[in-house]
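# Topology and contacts: notes
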Amino acid sequence: MVDHRISLTRYLVEQQRVHGHIPSELRLLLEVVARACKRISFAVNKGELGDVMGSAGTENVQGEVQKKLDIIANETLIEANEWGGHLAAMASEEMEGIYVVPNRYPQGEYLLMFDPLDGSSNIDVNVSIGTIFSVLKKPEGHPGVHDNDFLQPGNCQVAAGYCIYGPQTTLVLTVGDGVAMFTLDREQGSFVLTRENVRIPEDTKEFAINMSNVRHWDAPVKRYIDECLAGEDGPRGKNFNMRWIASMVADVHRILCRGGIFMYPWDKREPRKPGKLRLMYEANPMGWLVEQAGGAATNGRQRILDIQPTQLHERVSVILGSKNEVERVTGYHAEA
Ligand code: P6P
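This one's a predicted model, so the numbers in the text were calculated from it and none came from an experiment.

### Focus: the packing of helix α5 (residues 248-258) against helix α6 (residues 279-292)
Remark: α5 packs on α6, axes separated minimally by 11 Å, with the N-to-C direction vectors making an angle of 10°. Between α5 and α6, the interaxial angle falls into the category roughly parallel. Residue-level inspection shows Met-248, Val-249, Val-252 and Leu-256 of α5 in contact with α6, the latter providing Glu-282, Met-286, Leu-289 and Val-290. Residues that form the contact of α5 with α6 fall into these classes: 7 nonpolar, no polar and 1 charged.

Written as structure tokens, this is what we have:
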């Protein structure tokens, strides 16, 4: 049977030529990122057989123990992208500073940020993990690249996506024309379009939050979750289910596929930290994907994509998913 599904390459060419959404430089960059994700997928799927499990015995800039696969994924993305001529620089959760494309390679006009392997605490227990990426244009007007060039709000992104390494390896992408999903065909070694114009239901009965933190939450979050737990006898008049995979990519993928609300809010364990998740390469790309699918993403008080970054690795409180639920939680913050 001839497979009539279209490839990632054809989808991107059509976004470039037919819809005029993206220039060829960006199309080529996204194809390189996809190839890097394919290589990471093969490394992840080796597991114990590939000497890729466990810790690398080092810490990253976040003070988190690095897994071997964190480093493999980071290096794969850098090696794949540094020579192509599409990028001026990269930034990664695993690296303190920005990585400027070496002079021996042509400089491009894009900035690529990524969390090379999100959810890496799940690597050793065979639970889905993923790569998250975000693309910005380098600001005009000055030669070279400065750290501050990366400090653009999420509403300036020109592309965003993730690749989830689960039972299937699926690349999920937006270039501002809705959300498309591509499943890796391991026989052909290529990503094939399996869903496009993804829509998140505006209502849901499923929330995702780490309940072990309940005693640390702010009142609006506690109010929302208490109401969900009260079920059909409570103010919501319906029962809710809970999911927490502790892999943002997996929780967001579920929400893109069937709706739900994901919350990693500020809590009083470390009151000076606005939240646990990072703005530039987790909340912004996921926030744009969710909005492009008809959902919403706030930090409890404002749209995540409107936040003006002040630091490369800054953290943010994240409430995203089904529009009506996110608006409810954000409304509770406004009332507080
Ligand atoms: P906790 C993974 O470490 C991560 O950054 C996200 O992918 C995930 O949603 C969250 O942290 C899980 O955090 O505190 O539940 O382990």
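### A few points about the site of the ligand
With respect to spatial proximity, the complete set of residues near the ligand consists of Asp-118, Gly-119, Asn-210, Trp-244, Ala-246, Ser-247, Met-248, Phe-262, Tyr-264, Lys-276, Leu-277 and Glu-282. Between the ligand and Asp-118 there is a distance of 2.7 Å, counted from an oxygen atom to a side-chain nitrogen or oxygen. The separation between an oxygen atom of the ligand and a polar side-chain atom of Lys-276 is 3.0 Å. Bound to the protein, the ligand loses 82% of the 400 Å² it would expose on its own. Partitioning the shell around the ligand into residue classes produces 6 nonpolar, 3 polar and 3 charged.

### Focus: the domain arrangement of the protein chain
Entries for the protein chain in the domain assignment read domain 1 (8-195) and domain 2 (206-335). For domain 1 and domain 2, the distance between their C-alpha centroids amounts to 24 Å. The interface is formed by 50 residues belonging to domain 1 together with 32 residues belonging to domain 2. At the junction of domain 1 and domain 2, the tally comes to 2 salt bridges.

### What to know about the environment of Val-252
Relative to the assigned elements, Val-252 resides in helix α5. Put simply, Val-252 and Cys-163 are 89 residues apart on the chain and 11 Å apart in space, counted from C-alpha to C-alpha.

### Some thoughts on unusual backbone geometry
Backbone geometry places Asn-126, a non-glycine residue, at a positive phi of 60°. The residue Asn-126 is located in the loop between β5 (110-118) and β6 (129-137) in this model. Its identity as a non-glycine residue notwithstanding, Ala-246 has a phi of 65°, on the positive side. With respect to the secondary-structure elements, Ala-246 resides in the loop between β12 (241-242) and α5.

### Observations concerning α5
By the criterion of burial, α5 is predominantly enclosed, with 9 of the 11 residues buried. Taken together, the buried positions of α5 are Met-248, Val-249, Ala-250, Asp-251, Val-252, His-253, Arg-254, Ile-255 and Leu-256.

### Topic: the pairing of β5
The two faces of a sheet get side chains in turn, since along a regular strand they alternate between them. The element β5 is extensively covered by neighbouring structure, given that 9 of its 9 residues are classed as buried. As defined by bridge partners, strand β3 (residues 87-92) adjoins β5 across 5 bridges and the pair is classed as parallel. Within the sheet, the bridge partner assigned to Met-90 lies in β5 and is Leu-112. Of the strand pairs in this sheet, β5 and β6 are connected by 7 bridges, and their pairing is antiparallel. Its bridge partner lying in β6, Tyr-110 is registered against Lys-137.

Criteria and cut-off values
Residues numbered from 1 in each chain as written. Predicted model: local features only at pLDDT ≥ 70, side-chain atom pairs only at ≥ 80, totals over all residues. Heavy atoms only, no water. Axes fitted to C-alpha atoms, helices over the stretch in contact; angles between N-to-C directions. Helix = DSSP H or I, 4+ residues; strand = E, 2+ residues; numbered from the N terminus. Parallel < 35°, antiparallel > 145°, perpendicular 65-115°, else oblique. Contact = heavy atoms within 4.5 Å. Nonpolar A, V, L, I, M, F, W, Y, C, P; charged D, E, K, R; others polar. Near = heavy atom within 4 Å. Polar contact = N/O pair within 3.5 Å; in protein donor to acceptor, adjacent residues only side chain to side chain. Areas by Shrake-Rupley, 256 points an atom, 1.4 Å probe, with all protein chains shown as cover. Domains from an automatic or database assignment. Salt bridge = Lys/Arg side-chain N within 4 Å of Asp/Glu carboxyl O. Buried < 20%, exposed > 50% of the residue type's maximum accessible area, 1.4 Å probe, protein only. Pairing = 2+ DSSP bridges.

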